[in-house]
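Letter by letter, the chains look like this.
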Amino acid sequence: MKLQNVITFRLSILKAVSIALWAVCFYFAIIKEINNETDESLTNYAETLITDYLAGISMPMSNETGDNRYYIRPVSADHASRYQHIKYKDREMFFKDKNKYEPARTLTYIFKTDNGQYCELVVFTTTIDKKNLKQAILYWLMALYVVLLLGITAVNLWTVSHSMKPLKNLLDWFDAYKLGQKGKPLDVKTGITEFKKLNEAVKRSVERNERQYEQQKLFIANASHEMQTPLAVCTNRLEMLLDDDNLSESQMEEIIKTLRTLKSLSATNRSLLLLCKIDNGQFHNRVKVNLNGIIVRTLPDLETVYGRKRITVSRHFSEDTVAEMDESLANVLLSNLLKNAFVHNTDGGSIRIFTDGGSLTVANTGASSPLDENKIFERFYHSADKKSSTGLGLALVKAICNLYGFGLEYRFENNMHTFNINTRMA
């Protein structure tokens, strides 16, 4: 969810709660004000009646006309002790002149005469129907609530969106930015202090990353040259030693073992340097590559090298599989995948290759149990019977697939180890 939507949502909740609380307080404030005005009028009227009654002025025991009405009745001392002497209450009262019950505000006043008799005076007057008032207030408050909420939310959304525009521009720049490639400079104009600091921090970080990237590229190039050359020199010298007729058989065996180690080290070095280049995104050239054609060119060499294993290779090309990628990486991808199928196969085994236009599948016989799916694509992972391999072949396959967004899947089915590359996911 976008930041501006999160902020607007949270502010909307806060506003909703605030307006709801205000509505409740508003309702009770109105009711309190109405009751106060009515209670004051009833109190004054009740005090006048009690004063006249105690003074012995002749007055009817009840009055059912006018705005303020009353009735007086004698009560027992027990009644007077059990009930509050002054009590205000909303209740339904019967009005004789209207011959119906209506909502009224009442004041019950218990007082004592000079002869010790307790009397109860009930003064009441018609009042508004608080139930109808509550519904009317609720209706209009809800209407006001919706209007205010929508209006304030719209204003907040516009304000937040406008305020967050520098951040959006920064994120758009980040989306278009690619390490090692020249793009448009970061120029986000803003007067907000926090965004200014963020832009400056991003500029410093990008500049630092670019410097490190260039240094790493230089290191990889130098390492490739400085390491491969001594390895090649050592290999040549050992091969020249093999031509010496004075060497014993045991010495020649040791030299051959050393040559194998050097060749393995050289292959590991080249693979690691290639992995570093892939991880650093140094392959920018993209062309449409026919993977079927690379398979056709690569297979004869591998069949010759591993001919002693008498492996049967079958191809099922229903449609050309074309991928948009660097051509040299396409050759590395397929040569490593196919070489893995030969190296880890059994004598007299089989390899099946399938293409259908959007995916490539290589299945080979080999170990009778499935490999560890969580480790087979890790660097320097070796199967139990192939410790001599560099352990980088499938790691290179995985790195290239990740670079171009290809799907890579391993499964063990029908006693065959199957690797599938899905170029449609790119």
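Residue positions are counted from 1 within each chain, in the order its sequence is given. Whole-chain, interface and lining totals are the exception, using all residues; otherwise, since this is a predicted model, local features are given only for residues with pLDDT of at least 70 and side-chain atom pairs are given and counted only at 80 or more. No hydrogens and no water enter the side-chain calculation; it runs on all heavy atoms of the structure.

Draft legend 1. View of the nonpolar core. In these notes, a set of buried Ala, Val, Leu, Ile, Met, Phe, Trp, Tyr and Cys residues joined through side-chain atoms within 4.5 Å is what counts as a nonpolar core. Exposure is judged per residue with a 1.4 Å probe applied to protein chains only, and the accessible area is read against the type maximum: over 50% gives exposed, under 20% gives buried, and values in between give partly exposed. In terms of nonpolar packing, the biggest core is built from 43 residues, with Ile278, Met325, Leu329, Leu337, Ile353, Ile400 and Ile421 touching the most fellow members. Numbering of helices and strands runs from the N terminus; a helix is a DSSP stretch of H or I covering at least four residues, while a strand is a stretch of E covering at least two. No other element matches helix 8 (residues 327-343), which puts 10 residues into this core. Should any heavy atoms of two residues lie within 4.5 Å, those residues are counted as being in contact. In contact with Ile421, other than residues within four places in its own chain, are Leu333, Leu337, Gly358, Ser359, Leu360, Val397, Cys401, Phe406, Gly407 and Leu408. Of all hydrophobic cores here, the second largest spans 13 residues; its members include Ile50, Met59, Ile72 and Cys119.

Draft legend 2. Fine view of a negative patch on the surface. Residues qualify for a patch when their relative accessible area is over 30% and they have no salt bridge, like charges being joined within 9 Å and the nonpolar side chains of Val, Leu, Ile, Met, Phe, Trp and Tyr within 5 Å. Every accessible area reported is derived by Shrake-Rupley at a probe size of 1.4 Å, with residue values counting cover from the shown protein chains alone. By definition, a salt bridge exists where a carboxyl oxygen of Asp or Glu is found within 4 Å of a side-chain nitrogen of Lys or Arg. Charged residues are defined here as Lys and Arg on the positive side and Asp and Glu on the negative side; His and the ends of the chain fall outside this count. A charged residue contributes its charge at one atom only: NZ of Lys, CZ of Arg, CG of Asp or CD of Glu. The grouping of Glu239, Asp243, Asp244 and Asp245 at the surface amounts to a negative patch. In this fold, Glu239 is placed in helix 5 (residues 193-241). Relative accessible area serves as the criterion here: at 33%, Glu239 is assigned to the partly exposed category.

Draft legend 3. Fine view of the pairing of strand 12 (residues 416-422). The buried fraction of strand 12 is high, at 6 of 7 residues. Strand pairing requires that DSSP identify at least two bridges connecting the strands. One ladder, built from 6 bridges, connects strand 10 (residues 359-364) with strand 12; its direction is antiparallel. Looking across to strand 12, one finds that Asn364 is bridged to His417. Across 7 bridges, the pairing between strand 11 (residues 407-413) and strand 12 is antiparallel. Each residue of the ladder has a partner; that of Phe412, found in strand 12, is His417. Connecting strand 11 to the next strand, strand 12, in antiparallel fashion are 2 residues, including Asn414 with a positive phi near 55 degrees.

Draft legend 4. Layout of the sheet that holds strand 3 (residues 86-95). Ordered in space as 1-2-5-4-3, the 5 strands form an open sheet in which the pairing is antiparallel. The open sheet terminates on both sides in strands that have one partner only, identified here as strand 1 (62-63) and strand 3. Pairing between strand 4 (residues 100-112) and strand 5 (residues 118-126): 9 bridges, direction antiparallel. By the bridge assignment, Leu107 is partnered in strand 5 with Val123.

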